[in-house]
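One-letter residues, chain by chain:
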Amino acid sequence: RKTISSVFEDKKSKKKGKGQGFGPGGANANAAGMAGPAAAPVDAAGAVSCTLVDASGKPVPESTANSDAWQTGYALEVKYTTREAKAEMKRLKVEKNLPTCKELSLPTNVMADMLTAPSVSLEFCSIGDCGWSWYVEEGEGKEWCRVGGGAPEFKLGSAHVGKRLKVVCEPRREGRVGDTREA
């Protein structure tokens, strides 16, 4: 979140902003929120069992290579006993290469009547795939009011000088949506 200044204020102070633009995305694999079966904790109240199941609900054989076993659409079933001796099961969906916004930041100086764009690093999606929302902080209650969206760049008016700015990125690709990130 950055405070917006006018073009005139910036010329007086002669401050330079950090680089703008968009950083390249990475190429690491991602299994969102997943841990291998060996990483499952054992609760003092009872045992924990983990089973990786395919899209049809059948267990994946233990002899399957890790790279082949963890596929989008599969699930990790975790069965455990609570302290109250109640049997529970959670089904965790496997998402491989989920669109991800790794880094998001606004320039040091944001000026009114000038196009502003965040610096962003994405994985498994492109800038055009993402959902973008722009907000300014309004009023005494410090509420965030949406002032724009749809594009990774935005031009703020002089009415926003002295207010804080926030951008929100929702990474998307082919109907899959990752966790939002804001700056």
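In this text the structure is predicted, and so the values were computed from the model without any measurement.

Draft legend 1. Region of interest: the nonpolar core. By size, the foremost hydrophobic cluster in this structure holds 17 residues, and its most contacted members are Leu-104, Leu-122, Trp-132, Leu-165, Val-167 and Cys-169. Only strand 5 (100-105), strand 8 (119-123), strand 9 (131-138) and strand 12 (164-170) provide two or more residues apiece to this core. Setting aside residues up to four positions removed in sequence, Trp-132 forms contacts with Leu-104, Pro-118, Val-120, Ile-127, Arg-146, Gly-149, Gly-150, Ala-151, Pro-152, Val-167, Val-168 and Cys-169. Judged by nonpolar contacts, the second largest core, of 7 residues, contains Leu-52, Ala-69, Trp-70 and Val-78.

Draft legend 2. A look at the packing of aromatic side chains. Throughout the structure, instances matching the rule amount to 1 aromatic pair. Pairing Trp-134 with Phe-154 gives two aromatic rings, centres 5.9 Å apart and planes at 20°, and the pair type is stacked. On the criterion of sequence distance, the pair formed by Trp-134 in strand 9 and Phe-154 in strand 11 (residues 154-155) is long-range, its members being 20 residues apart. Taking the relative accessible area as the measure of exposure, Trp-134 reaches 0% and is therefore buried. Of the residues examined, Phe-154 reaches a relative accessible area of 16% and is grouped as buried. It is Lys-166 that lies over the ring of Tyr-135; its NZ or CZ is 5.2 Å from the centre.

Draft legend 3. Structural detail: the environment of Thr-82. Here Thr-82 lies in the loop between strand 3 (75-81) and strand 4 (87-93). Take Thr-82: its relative accessible area is 14%, and that puts it in the buried class. With 35 residues separating them along the chain, Thr-82 and Ala-47 place their C-alpha atoms 9.4 Å apart.

How each quantity is defined
Residues numbered from 1 in each chain as written. Predicted model: local features only at pLDDT ≥ 70, side-chain atom pairs only at ≥ 80, totals over all residues. Heavy atoms only, no water. Core = buried A, V, L, I, M, F, W, Y, C linked by side-chain atoms within 4.5 Å. Buried < 20%, exposed > 50% of the residue type's maximum accessible area, 1.4 Å probe, protein only. Helix = DSSP H or I, 4+ residues; strand = E, 2+ residues; numbered from the N terminus. Contact = heavy atoms within 4.5 Å. Phe/Tyr/Trp six-rings, centres within 6.5 Å; stacked < 30°, edge-to-face > 60°. Lys NZ or Arg CZ within 6 Å of the ring centre and 35° of its normal.

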